[in-house]
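What follows is each chain in one-letter form.
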Amino acid sequence: MRQQTHTALSKRVFAHIRNKTTDRRPQVTHHAVSHYTCPQRFQQERRKLFRELPILITLSCQLPSPGSFITDDNTGVPLLIVRGDDGKARAFINACQHRGARLADGQGRVKRRFTCPYHAWSFTTDGQLAQLPHSADFTGFDQQNCRLQERPVAEAYGMIWVRPEGDAAIHMADMLCGLEDDLAHFNFTDYHHYETRRIDVAMNWKLVIDTFLEPYHFATLHRTTVAPIFLPNMCLFDAFGRNLREAFPRRTITELMDKPEAEWDFVYHSALVYVLYPNTVFVMQADHAEVWRIFPSKDAVDQAHMYLEFYIPEPVQSDKAKAHWDANMDLVCRTVLDEDFPVGEGAQKGFMSGTGRSHIVFGQNEPALAFFEETMAQALG
Ligand code: FES
Ligand SMILES: [Fe+2]
């Protein structure tokens, strides 16, 4: 984030403190409950948002060297993402060209090739068939042109995006719409992966994302955990195409008022939440980054799973550092698991019963929430 952005965001907060306000929408928004319950809409979302659009798969540091790979099945498409000898990240359908066996699972590193566990066909890290045992038994089969099915990849700002279905190239500028500046200044390429945890919930996947999008609930739901840290009911909201940035200022931000503007560090005194369209929530904290990748689950409109990934600026080299990050991660998980998600699951249950109101309401002080749900609705037409 540029210094001028640190300054501009800080000034907006100071104005809100003076005026006892927050970023607001001009009016309240009414939102159809069916967006969280309708099976047809859910299937449309899975196809249009999770297959046809680029999805953030991981940060670049998870594929540190040639041969590093990671697999991903969260979109319903089995993907194998690997860094080639030329340093380029590529994505393939994780299926052998012989009879479809999976070539790899989880995450790891291959020396030069993926060897299929079924009959030992092997493929280079750029997808070319390299070896086929008993090749004389495949007369007429075009071995030269046998390649794994490739999918478009874009790698920039320390992030790796893949389009699970279709061949259209991914244009980062069209996707990020001005967020490049923030992302470039965070230097994610220098971060280190600490840990990934999976969480399963009985909620529509969008309702999970809604959880992150307003501070209105801090004072009640997080009275003893989060509320003491942040200014009450205050957020800054900015849209970048279909992505959004929402800032929750910490109470400590008032310390900046006595310092020269050139020293204002807005990130240090806030939590910055980005929604990278459609399903990634990126939380930039003072000393680390959290990536939440949220997906529909079990082919059910009211089920979701997510991965919370912690990225930290320095690799962990001592027990003390490990204890620090474990405690940090535990606190985040406890807050969402004990406080946020039970409320969300309760609301989802009510929605599914079909007995409540047809619409819920978003307040003017929940601008990011209203924007996110509007972009989702627009995507489906
Ligand atoms: S399915 Fe892969 S070698 Fe046969
Ligand atoms: Fe919360």
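Everything numeric in this text was worked out from a predicted model, so none of it was measured. (Residues numbered from 1 in each chain as written. Chains lettered and ligands numbered in written order. Predicted model: local features only at pLDDT ≥ 70, side-chain atom pairs only at ≥ 80, totals over all residues. Heavy atoms only, no water.)

## Notes on the pattern of salt bridges
Phase 1 of the analysis: Taken as a whole and assessed by the stated rule, the structure comprises 23 salt bridges.
Phase 2 of the analysis: Asp 73 is the partner of Arg 102 in a salt bridge, and the nearest nitrogen-oxygen pair spans 2.9 Å. Taken together, the positions of Arg 102 in the loop between strand 5 (89–93) and strand 6 (107–109) and Asp 73 in the loop between strand 3 (68–72) and strand 4 (79–83) put the pair 29 residues apart, joining distant regions of the chain.
Phase 3 of the analysis: Its relative accessible area of 28% is what places Arg 102 among the partly exposed residues.
Phase 4 of the analysis: The class of Asp 73 is partly exposed, set by a relative accessible area of 38%.
Phase 5 of the analysis: Among the ionic pairs, Asp 200 bridges to Arg 198, the shortest N-O distance being 2.9 Å.
Phase 6 of the analysis: Using a relative accessible area of 45% as the deciding quantity, one classes Arg 198 as partly exposed. (Salt bridge = Lys/Arg side-chain N within 4 Å of Asp/Glu carboxyl O. Helix = DSSP H or I, 4+ residues; strand = E, 2+ residues; numbered from the N terminus. Buried < 20%, exposed > 50% of the residue type's maximum accessible area, 1.4 Å probe, protein only.)

## Looking at the coordination of the iron ion (ligand 2)
Phase 1 of the analysis: Taken together, the protein ligands of the iron ion (ligand 2) are His 217 (NE2), His 222 (NE2), Asp 340 (OD) and Asp 340 (OD), with distances of 2.1 to 2.7 Å.
Phase 2 of the analysis: Considering all 4 donor atoms around the iron ion (ligand 2), angles at the metal cover 53 to 154° and the coordination shape is irregular.
Phase 3 of the analysis: Along the chain, the residues donating to the iron ion (ligand 2) fall in the pattern H-x4-H-x117-D.
Phase 4 of the analysis: You can call His 222 buried: its relative accessible area is 2%. (Donors = N, O, S within 2.8 Å, 3.2 Å for Na, K, Ca; no water. Tetrahedral: all angles 85-135°; square planar, octahedral: opposite > 155°, others 65-115°.)

## Examining the nonpolar core
Phase 1 of the analysis: If you look at the biggest cluster of nonpolar residues, it comprises 55 residues, and the most contacted ones within it are Trp 205, Val 208, Leu 213, Val 281, Trp 292 and Ile 294.
Phase 2 of the analysis: If sequence neighbours within four positions are ignored, Val 208 has contacts with Val 201, Met 203, Ile 294, Ala 304, Met 306 and Phe 341.
Phase 3 of the analysis: Formed by 37 residues, the second largest nonpolar core is a distinct cluster that contains Val 13, Ala 154, Met 234 and Ile 253. (Core = buried A, V, L, I, M, F, W, Y, C linked by side-chain atoms within 4.5 Å. Contact = heavy atoms within 4.5 Å.)

## A few points about the sheet that holds strand 9 (residues 129–131)
Phase 1 of the analysis: Sheet architecture is open: 3 strands sit in the order 7-8-9, paired in antiparallel fashion. Either end of the sheet is taken by a strand with one partner, and the two such strands are strand 7 (113–115) and strand 9. The mean inter-strand angle of the sheet, taken between neighbouring strand axes irrespective of direction, is 35°.
Phase 2 of the analysis: As defined by bridge partners, strand 7 adjoins strand 8 (residues 122–124) across 3 bridges and the pair is classed as antiparallel. Residue Phe 114 lies in a different strand from strand 8, and its bridge partner there is Phe 123. (Pairing = 2+ DSSP bridges. Axes fitted to C-alpha atoms, helices over the stretch in contact; angles between N-to-C directions.)

## Description of the packing of aromatic side chains
Phase 1 of the analysis: Taken as a whole and judged by the stated rule, the model has 18 aromatic pairs.
Phase 2 of the analysis: Seen from their ring centres, Trp 121 and Phe 138 are 5.5 Å apart, and the 75° between their planes marks the pair as edge-to-face. Here Phe 138 lies in the loop between strand 9 and strand 10 (150–151) and Trp 121 lies in the loop between strand 7 and strand 8, a separation of 17 residues in the sequence.
Phase 3 of the analysis: Take Trp 121: its relative accessible area is 2%, and that puts it in the buried class.
Phase 4 of the analysis: What makes Phe 138 partly exposed here is its relative accessible area of 25%.
Phase 5 of the analysis: Each residue in the set Phe 186, Phe 188, Tyr 191, Tyr 274 and Phe 282 is aromatic and connected to the rest through ring pairs, giving one cluster. (Phe/Tyr/Trp six-rings, centres within 6.5 Å; stacked < 30°, edge-to-face > 60°.)

## Quick look at the sheet that holds strand 11 (residues 153–156)
Phase 1 of the analysis: The strand order 2-12-11 describes an open sheet built from 3 strands, whose pairing is antiparallel. Of all strands in the sheet, those with a lone pairing partner are strand 2 (55–59) and strand 11, marking the two edges. Adjacent strand axes in the sheet meet at a mean angle of 25°, parallel and antiparallel pairs treated alike.
Phase 2 of the analysis: By the bridge criterion, 4 bridges tie strand 2 to strand 12 (residues 159–162) in an arrangement that is antiparallel. Bridge pairing links Leu 56 to Trp 161 in strand 12.

## Points about the domain arrangement of the chain
Phase 1 of the analysis: Along its sequence, the chain is carved into domain 1 (3–52 + 174–380) and domain 2 (55–169).
Phase 2 of the analysis: On a C-alpha basis, the centres of domain 1 and domain 2 stand 32 Å from each other.
Phase 3 of the analysis: Taken together, the contact pairs 27 residues of domain 1 with 19 residues of domain 2.
Phase 4 of the analysis: Counting the surface lost from both domain 1 and domain 2, the interface buries some 2,000 Å², and carbon and sulfur atoms represent 61% of this.
Phase 5 of the analysis: On the surface where domain 1 and domain 2 come into contact, there are 2 salt bridges.
Phase 6 of the analysis: Where Arg 51 meets Glu 165, a salt bridge forms, and the shortest distance between an N and an O atom there is 3.1 Å.
Phase 7 of the analysis: The interface formed by domain 1 and domain 2 holds 8 residue pairs in polar contact (both at pLDDT 80 or more) in total.
Phase 8 of the analysis: For the side of domain 1 that touches domain 2, the secondary-structure elements that each account for two or more residues are helix 3 (172–176), helix 4 (180–186), strand 13 (192–201), strand 17 (280–284), strand 18 (289–297) and strand 19 (300–312). (Domains from an automatic or database assignment. Buried area = accessible area lost by both parts, 1.4 Å probe. Polar contact = N/O pair within 3.5 Å; in protein donor to acceptor, adjacent residues only side chain to side chain.)

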